[in-house]
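# Examining the three-dimensional arrangement
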Amino acid sequence: MSRHGLHRLTRRRGPRRKAVVLGVVGTTVVAGIVATTMPLLAADDLSIGAVADTTATTVPQDGDNGAKTTLATCPARCDGNPRGAREAVVRFAVTTLPASAVNVRATLRVHAWQGFPATVTAHASTVDAGAARPAPTAAGATLDTVSGVTAGFNEWDVSALVRGNGTWTVSLAQAGPETRIYWASTEHRNPDLRPRLEIRYDVGTPPTPAVTSAAPSPSRTVAPTPAPRPTPSASPTRPTPSPSASTTGGTGRCGEVSSRLVPSCGAWWGMYSPAGADDGWNHGAAVAEVEAQVGRKFDVVHRYHDFSNAGSNGAFPDSYQRQQMREGRLMFFAWESRIFSSGTVLTWQDVYSGRYDATIDAVAGRIRDTGVPVFMGFDHEPEDEPAKGSDADFVRAWRHVHDRFAAAGAHNAVWVWTMMGWSGHYDRYAALYPGDRYVDWVGYDPYNFHVCNGSRVWKSPATTIGGFYRWLDEHRLGVGKPRMLAEFGTNFDAADPDAKRRWFEEFPAALKAHPKIKAAIYFNSAGMTRKSSTCDMTMNHDASAVAGFARAGRDSYLRQPTGGSR
């Protein structure tokens with residue numbers, strides 16, 4: 001974590017972060033999945049904005065609906081008017097699906113500000129979405145229905161209409177309360193709230209169904225357990241995955257995972273939870289305690305390690321992590337070129353010069369011997385490390401570490417390139433990118449700091465995660481790579497005790513609006529901030545925040561059917 005605007009604060013000596021993140025993927029299932037050769041390649045997801053929208057109605061008082069920042073739906077009798085029906089009409093132009101696209105799945109996503117006990121049905125439409133106030137026409141084919149409008153994004157499966165490239169128009173018709181529901185339009189000032197058409201597709205011949213073994217579903221509440229005793233036989237025995245061409249998705253069937261750890265549907269849910277001297281640096285209990293609070297296991301365990309090659313900091317995976325892997329969790333090893341105990345900071349030239357090759361090779365050997373895919377990072381947020389060298393030095397060091405892992409046969413390392421994602425460094429990210437050959441996932445660390453960094457701005461989840469996401473799209477960096485929120489977090493609002501709860505509850509919808517994000521890991525620590533009466537970035541600082549975070553974790557998008565998070 002770096003506080004944007006305060007990211008040059010002197011770092012404290014010792015371990016920059018000591019913590020654990022939990023995650024769940026059933027051991028047997030992962031073994032079956034990554035060992036399966038998949039004949040179908042998953043292409044990049046498409047997220048398409050509407051080219052036009054309007055509200056169809058015969059009510060003349062509505063004026064020019066095509067220029068408004070909202071759309072409206074309402075039954076025939078609406079707000080006392082017996083002829084007040086309104087339908088939201090949205091048009092999309094799909095132009096970039098390849099000719100080889102198969103299994104096209106299209107989802108319409110439209111944002112409402114309030115929940116209503118209404119039924120809203122999506123129809124194919126012939127209405128001109130570019131007209132100022134068109135009259136409703138006879139409903140076309142029914143596509144999908146939402147029963148109960150929720151605050152935030154609502155979704156309709158429109159795959160029956162959107163079959164490939166072309167222009168597609170959908171109308172939304174409401175049944176239920178005789179009052180208007182307002183939806184964000186393409187003219188809304190917040191681009192994150194505008195209607196979107198999310199398209200997923202496969203490339204090639206549809207695959208033959210693969211057989212995977214079912215894993216037992218562990219309890220959703222996990223109590224802290226004693227630290228496991230290190231043993232020479234602690235490595236799990238699962239097959240080493242073979243390289244896969246999949247990028248931002250698996251085969252398209254939910255419940256599958258590519259060899260690069262990309263889930264075919266939804267996203268992994270992770271947690272960084274720091275251990276400390278008070279609990280004897282028990283990294284297992286640090287995670288289990290948070291799991292017990294939120295009522296589920298996470299999908300990813302995240303820890304930070306150093307170049308000492310000794311103790312729990314440097315000789316990883318340690319006994320806690322081996323136990324967590326045996327229990328089916330995914331590991332994310334964030335490897336820092338420093339020595340935590342002494343505060344020594346290595347330069348990137350130290351790394352690529354060969355001075356630490358013995359350490360690199362030892363770690364690579366242990367990673368290889370786990371026999372399972374693991375997330376691996378090197379010097380996250382390098383743009384915040386001026387003492388380590390130039391951007392070119394970072395790239396050279398990254399490639400050196402990556403190549404030594406490959407030479408050691410540690411092909412199960414899934415490389416996550418993690419940046420701050422701060423707009424103040426946009427001009428540096430291209431120079432910091434090691435290249436597609438050296439990167440499997442693109443990660444970044446977005447935060448809603450609010451007053452923790454001196455700002456008064458409260459950012460929604462969509463705004464928090466959306467900036468760098470769009471920058472990556474616009475500048476085509478890491479094209480086709482799945483994305484990860486390697487860290488994310490939010491402060492609370494002292495003036496609104498439930499703001500943090502609502503922020504968490506809105507988070508799954510924000511992820512769905514950014515479908516290339518396939519993993520999100522909460523950074524449950526003060527990090528570079530300081531706790532105060534107006535600043536606390538932890539997710540469990542009060543009961544309201546825990547309740548919101550727990551609810552987010554129950555969203556089906558974050559409950560992978562591949563393990564105990566179900």
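Structural data are supplied above this passage.
These notes cover the structure that comes with them. Just so you know, these numbers come straight off a predicted model, no measurement behind them.

Moving on, we get to the overall build of the chain. A tally of regular secondary structure across the chain gives 11 helices and 23 strands. Scored against the burial criterion, the 566 residues of the chain give a buried share of 59%. Of the contacts formed within the chain by residues at least 6 apart in sequence, a portion of 82% connects residues at least 24 apart. Total accessible area computed for the chain in this model is approximately 21000 Å², and 51% of it derives from carbon and sulfur atoms.

Take the state of the cysteines next. What we call a disulfide is simply a covalent bond connecting the sulfur atoms of a pair of cysteines. By the definition in use, this model includes two disulfides. One disulfide bridge connects Cys74 with Cys78, the sulfur atoms lying 2.0 Å from each other. In this structure, the disulfide formed by Cys74 and Cys78 twists by about 100° around the S-S bond and is classed as right-handed. Residue classification places Cys74 among the buried positions, given a relative accessible area of 2%.

This next bit is on the sheet that holds strand 7 (residues 116-124). As summarised here, the arrangement of the five strands in space is 3-5-10-7-8, forming an open sheet in which the pairing is antiparallel. Bordering the open sheet on either side are strand 3 (52-57) and strand 8 (142-149), each of which pairs with just one other strand. Across the sheet, the mean angle separating the axes of adjacent strands is 20° when strand polarity is ignored.

Now for unusual backbone geometry. A cis amide bond links Phe316 with the next residue in sequence, Pro317, at an omega value of 0°. Relative to the helices and strands, Pro317 is located in the loop between helix 3 (311-314) and helix 4 (319-326). Positive phi values are uncommon outside glycine, yet Leu261 reaches one of about 65°. Note that Leu261 resides in the loop between strand 12 (196-203) and strand 13 (268-272). One non-glycine residue, Glu381, lies in positive phi territory at about 55°. Examined against the element boundaries, Glu381 turns out to sit in the loop between strand 18 (374-378) and helix 7 (391-407).

Take the environment of Asn412 next. Here Asn412 shows up in the loop between helix 7 and strand 19 (413-419). The class of Asn412 is buried, set by a relative accessible area of 0%. Taking the C-alpha atoms as reference, Asn412 lies 9.9 Å from Leu261; in sequence the two are 151 residues apart.

Below, the discussion takes up helix 11 (residues 543-553). Counting buried residues along helix 11, eight of its 11 residues qualify, which places the element largely inside the surrounding structure. Among the residues making up helix 11, those that are buried are Ser544, Ala545, Val546, Gly548, Phe549, Ala550, Ala552 and Gly553. Turning to helix 11, the residues buried within the fold contact strand 13, helix 2 (283-294), helix 10 (499-512) and strand 23 (517-523). For helix 11, the side-chain oxygen to backbone nitrogen distance between the N-cap and Ser544 is 3.3 Å, and the N-cap itself is Asp542.

The next thing to look at is the nonpolar core. Side chains of a nonpolar character, in soluble globular proteins, are inclined to be buried together. In terms of nonpolar packing, the biggest core is built from 71 residues, with Met376, Phe405 and Trp417 touching the most fellow members. When sequence neighbours within four positions are dropped, the list of residues in contact with Met376 reads Phe316, Phe332, Phe333, Trp335, Val363, Ile367, Phe405, Ala413, Val414, Trp415 and Val416. Of all hydrophobic cores here, the second largest spans 35 residues; its members include Ala50, Ala112, Phe116 and Ala118.

Of all nine residues that make up strand 5 (residues 86-94), seven are buried, and the element is covered over most of its length. One ladder, built from six bridges, connects strand 3 with strand 5; its direction is antiparallel. When the bridges of strand 5 are listed, Thr55 appears paired with Ala88. In this structure, strand 5 lies alongside strand 10 (residues 166-175), joined through seven bridges in antiparallel fashion. Among the inter-strand pairings, Arg91 is bridged to a residue of strand 10, identified as Thr169.

This part takes up the packing of helix 6 (residues 357-370) against helix 7. One can describe the packing of helix 6 onto helix 7 by two numbers: an axis separation of 9 Å at closest approach and a directional angle of 50°. It follows that helix 6 is oblique to helix 7 by the angle criterion. When the axes of helix 6 and helix 7 are compared, the crossing they make is right-handed. Between helix 6 and helix 7, the contacting residues are Asp357, Ile360, Asp361, Val363, Ala364 and Ile367 on the first element and His400, Val401, Arg404 and Phe405 on the second. The residue inventory of the contact of helix 6 with helix 7, partitioned by class, reads six nonpolar, one polar and three charged.

How each quantity is defined
- For every chain, the first residue of the written sequence is number 1, and numbering continues from 1 onward in sequence order.
- Given that this is a predicted model, residues contribute local features only at a pLDDT of at least 70 and side-chain atom pairs are listed and counted only at 80 or more, while totals for whole chains, interfaces and linings are drawn from all residues.
- Side-chain measures here rest on the full set of heavy atoms in the structure, leaving out hydrogens and waters.
- Put simply, DSSP marks the helices as runs of H or I at least four residues long and the strands as runs of E at least two long, and each gets a number from the N terminus on.
- Exposure categories follow from relative accessible area, calculated using a 1.4 Å probe and restricted to protein chains: below 20% of the type maximum is buried, above 50% is exposed, and the middle band is partly exposed.
- Throughout, a contact is declared for two residues whenever any of their heavy atoms are within 4.5 Å.
- To measure how exposed things are, a 1.4 Å probe is used in the Shrake-Rupley method; for residues, cover is taken only from the protein chains shown.
- When two cysteine sulfur atoms lie within 2.5 Å, the pair is treated as a disulfide.
- The rule for pairing is simple: two strands pair if DSSP sees at least two bridges between them.
- To obtain an axis, a line is fitted to C-alpha atoms, over the contacting stretch when the element is a helix, and the angle between two such axes runs from 0 to 180 degrees between their N-to-C directions.
- Each polar contact in these results corresponds to two N or O atoms within 3.5 Å; when the atoms are within protein, one needs to be able to donate a hydrogen and the other to accept it, and residues that are neighboring in sequence are counted only if both atoms are side-chain atoms.
- What we call a nonpolar core is a set of buried Ala, Val, Leu, Ile, Met, Phe, Trp, Tyr and Cys residues that are connected through their side-chain atoms within 4.5 Å.
- The cut-offs work like this: below 35 degrees is roughly parallel, past 145 is roughly antiparallel, 65 to 115 is roughly perpendicular, and the gaps in between are oblique.
- Left-handed describes a crossing in which the near helix is turned anticlockwise from the far one by less than a right angle; the clockwise case is right-handed.
- Side-chain classes are defined by residue name, with Ala, Val, Leu, Ile, Met, Phe, Trp, Tyr, Cys and Pro counting as nonpolar, Asp, Glu, Lys and Arg as charged, and the others, Gly among them, as polar.

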